[in-house]
Amino acid sequence: MDKLLVEGGAPLSGTVRVSGAKNAALPLMAASILADGPLTLTNIPRLGDLRTMGRLLGYMGGRAELYPENGGGYREEALLDMSSLDKPEAPHDLVKTMRASSLVLGPLLARHGRAKVSLPGGCAIGVRPIDLHLKALAAMGAEFDLTGGDIVGRAPKDGLVGADIRFDSVTVTGTENVLMAAVLAKGKTVIRNAAREPEVADTARALVAMGAKISGIESDELEIEGVDSLKAASHAVMPDRIEAGTLISAVAMTGGRATIKGARLNDLAVVMGKFTEAGVFLRAENGDLTVEAHRGLLSAVNVTTGPYPGFPTDMQAQFLATMATAKGASIITETIFENRFMHVAELRRLGADVTLEGRTAVVKGVERLSGAPLTASDLRASASLILAAMAAKGTSEITRVYHLDRGYDRLDEKLNGLGAKIKRVKAD
Ligand code: EPZ
């Protein structure tokens, strides 16, 4: 397992380009199951979870070619043709490494009438059941048994039937699973209290390009008219708004001035608002975002995470780390996951002053953090530890960076391109 050695104190400067969104590319790869012909995805990020999803699609008997060679380099593309799928199953050894494998459930039921998906276990940030997915798919006629840790699902012999579905609480992949099931179901499906995350809209737009009939995209009420089949299409994956927010945090914490290229700024309005409130200077020009900050001059700001368009839970760890050296006390409330403060214990090792009370963290800004050995626990926590180590005095060593490599496209290389001093030590 690789580790990162981070020498703190370097202010950032320069230009960095945001990669494609992991949480759009994952449902989009699953959507390829629905089509009679190939789905080409461009602008995909180079990261572990997509390679896992590619392995899963291949395991099912489809063809998933990622990052095709391109004369000495590679193209950020996924060429997906699932017409030869003959095993509608997602086995435990793949699902346990990536919960998002459950995204194949809806497409498999819709296209093949059956599915066997290992029930995703919990992860560091929470139990993360998929009961809402199953309840909604059952409303469309699917029946499920749980045997040996696998969910075995079957659609009616004439196929799934459109239904009027209301989610009790917002679920991003639950919305995506049902959306993908509905596009081939018989009749109309309405999804109420649908997730409004931009990645859901990006998935919907690709489905429309494949011939699906979907209205209400970007709203919390999606209306889908089932069609008989979906065709080949090509789709450019949206930019990763969480990677962009993570890069803003990096400049905010270390100080300096950098330009982030390729982000879709209206996905980041709430996040940018909070950083501006904290004293980070943000200027958008022709789609580029210039970020400027002075280390030690940030002000404490309160944040409560929530479903889009609220402050994203996937930015909570990074923002909390940014508040560790802000002036004053900030209150960070996590409303989405029950255990998403794993980064706090590690940040305390750097000298952060954070008190946890249930789902709320009170962060009292300190003058400066000091480097220490750190252990990453989950994807966004590992990013927050890197940022904090970059702002700290001295050197930090971060282990278990495989968490980072699952969900970021070479973030350490991007940060070094801005002047950070991060050395990746390959596992011995
Ligand atoms: C998606 O996870 C993202 N993953 C997560 O990003 C993100 O944190 C999360 O949405 C919230 O925005 C992908 O898109 C691949 P949810 P998802 O269903 O869909 C509960 C990252 O760092 N719930 O919206 O699994 C659940 O436990 C990852 O990139 C149920 O109780 O999240 C959670 O408390 C981490 N039953 C809340 O709802 C269900 O059936 C929101 O979960 C489904 C969810």
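Attention in this report is confined to the structure presented alongside it. Quick caveat: nothing in here was measured; it's all calculated off a predicted structure.

1. Section: helix H6 (residues 172-182)
Along an α-helix, residues three or four positions apart point the same way, because every turn accommodates 3.6 residues.
Move 1: The buried count for H6 comes to nine of 11 residues, which makes it a mostly enclosed element.
Move 2: Restricting attention to buried positions, one finds in H6 the residues Gly174, Thr175, Glu176, Asn177, Val178, Leu179, Met180, Ala181 and Ala182.

2. Quick look at the pairing of strand E1 (residues 3-7)
As a general feature of sheets, a regular strand has side chains that alternate between the two faces.
Move 1: Here E1 shows a clear split, with Leu4 and Val6 buried on one side and none of Lys3, Leu5 and Glu7 buried on the other.
Move 2: Bridging between E1 and strand E26 (residues 421-425) involves five bridges; their strand directions are antiparallel. If you follow Leu5 over to E26, its bridge partner there is Lys423.
Move 3: As defined by bridge partners, E1 adjoins strand E25 (residues 395-399) across four bridges and the pair is classed as antiparallel. When the sheet's bridge partners are listed, Val6 is paired in E25 with Ser396.

3. Quick word on the site of the ligand
Move 1: In the vicinity of the ligand lie 20 residues, with Leu132, Thr171, Thr173, Asp314 and Ile336 positioned nearest.
Move 2: Taking Pro129, its main chain carries an N or O atom lying 3.3 Å from a nitrogen atom of the ligand.
Move 3: Here an oxygen atom of the ligand and a side-chain polar atom of Asp314 are 2.6 Å apart.
Move 4: Bound to the protein, the ligand loses 86% of the 820 Å² it would expose on its own.
Move 5: Mapped onto the shell around the ligand, the elements with two or more residues apiece are helix H1 (22-31), helix H5 (131-139), H6 and helix H12 (379-391).
Move 6: Its residues assigned to classes, the shell around the ligand comprises nine nonpolar, five polar and six charged.

4. What to know about the sheet that holds strand E15 (residues 221-225)
In a beta sheet, neighbouring strands pair by backbone hydrogen bonds and run either parallel or antiparallel.
Move 1: Read across the sheet, four strands follow the order E12-E13-E15-E14 without closing on themselves; strand pairing throughout is mixed. Edge positions in the sheet fall to strand E12 (164-166) and strand E14 (213-215), since each of these pairs with one other strand and no more. On average, adjacent strands in this sheet sit at an angle of 15 degrees to one another, irrespective of strand direction.
Move 2: In the sheet, E14 pairs with E15 via three bridges, with the strands oriented antiparallel. Note on E15: the bridge partner recorded for Ser215 is Glu223.

5. Here we look at the sheet that holds strand E24 (residues 373-375)
Move 1: Pairing is mixed across the open sheet formed by four strands, whose spatial order is E24-E25-E1-E26. Single-partner strands in this sheet number two, and they are E24 and E26. Sheet twist, expressed as the average angle between the axes of neighbouring strands with direction ignored, equals 20 degrees.

6. Regarding the packing of helix H10 (residues 316-323) against H12
Move 1: Relative orientation of the contacting elements H10 and H12 amounts to 25 degrees, with a least axis distance of 8 Å. If you check the angle between H10 and H12, you find them roughly parallel. In terms of crossing hand, the pair formed by H10 and H12 is right-handed. Across the interface between the two elements, Ala317, Gln318 and Ala321 from H10 touch Arg380, Ala381, Ser384 and Leu387 from H12.

7. Some points on the nonpolar core
Among soluble globular proteins, nonpolar side chains are generally buried collectively.
Move 1: By size, the foremost hydrophobic cluster in this structure holds 77 residues, and its most contacted members are Val104, Met140 and Leu207.
Move 2: If you tally residues by element for this core, the top one is H1, at seven residues.
Move 3: Excluding residues within four positions of it along the chain, Val104 makes contact with Ala30, Ile33, Met53, Leu56, Met60, Ala90, Val117 and Asn177.

8. A short note on the pattern of salt bridges
Move 1: Enumeration over the complete set of coordinates arrives at 28 salt bridges.
Move 2: The salt bridge partner of Glu221 is Arg192, with a shortest N-O separation of 3.2 Å. Within this pair, whereas Glu221 is found in strand E15, its partner Arg192 is found in strand E13 (residues 188-192), the two being separated by 29 residues in sequence.
Move 3: Residue Glu221 is classed as partly exposed on the basis of its relative accessible area, which comes to 35%.
Move 4: Here Arg283 ties to Glu285 by a salt bridge, and the two come within 3.4 Å at their closest N and O atoms.
Move 5: The class for Arg283 is partly exposed, based on a relative accessible area of 31%.

9. Some points on unusual backbone geometry
Move 1: The step from Tyr308 to Pro309 runs through a cis peptide bond, and the omega angle for that step is 10 degrees.
Move 2: Considering the arrangement of structural elements, one finds Pro309 in the loop between strand E20 (303-304) and H10.
Move 3: In this model, Tyr67 sits at a positive phi of 55 degrees, which is unusual for a non-glycine residue.
Move 4: Its location among the elements puts Tyr67 in the loop between strand E4 (63-66) and strand E5 (69-70).
Move 5: For Tyr67, a relative accessible area of 7% gives the class buried.
Move 6: For Asn286, which is not glycine, the phi torsion reads 50 degrees and is therefore positive.
Move 7: Within the element layout of this structure, Asn286 appears in the loop between strand E18 (281-285) and strand E19 (288-293).

Conventions and cut-offs
Residues numbered from 1 in each chain as written. Predicted model: local features only at pLDDT ≥ 70, side-chain atom pairs only at ≥ 80, totals over all residues. Heavy atoms only, no water. Buried < 20%, exposed > 50% of the residue type's maximum accessible area, 1.4 Å probe, protein only. Helix = DSSP H or I, 4+ residues; strand = E, 2+ residues; numbered from the N terminus. Pairing = 2+ DSSP bridges. Near = heavy atom within 4 Å. Polar contact = N/O pair within 3.5 Å; in protein donor to acceptor, adjacent residues only side chain to side chain. Areas by Shrake-Rupley, 256 points an atom, 1.4 Å probe, with all protein chains shown as cover. Nonpolar A, V, L, I, M, F, W, Y, C, P; charged D, E, K, R; others polar. Axes fitted to C-alpha atoms, helices over the stretch in contact; angles between N-to-C directions. Parallel < 35°, antiparallel > 145°, perpendicular 65-115°, else oblique. Left-handed = near helix turned anticlockwise from the far one by under 90°. Contact = heavy atoms within 4.5 Å. Core = buried A, V, L, I, M, F, W, Y, C linked by side-chain atoms within 4.5 Å. Salt bridge = Lys/Arg side-chain N within 4 Å of Asp/Glu carboxyl O.

Such coordinate-based values are descriptive only and should not be taken to indicate function.
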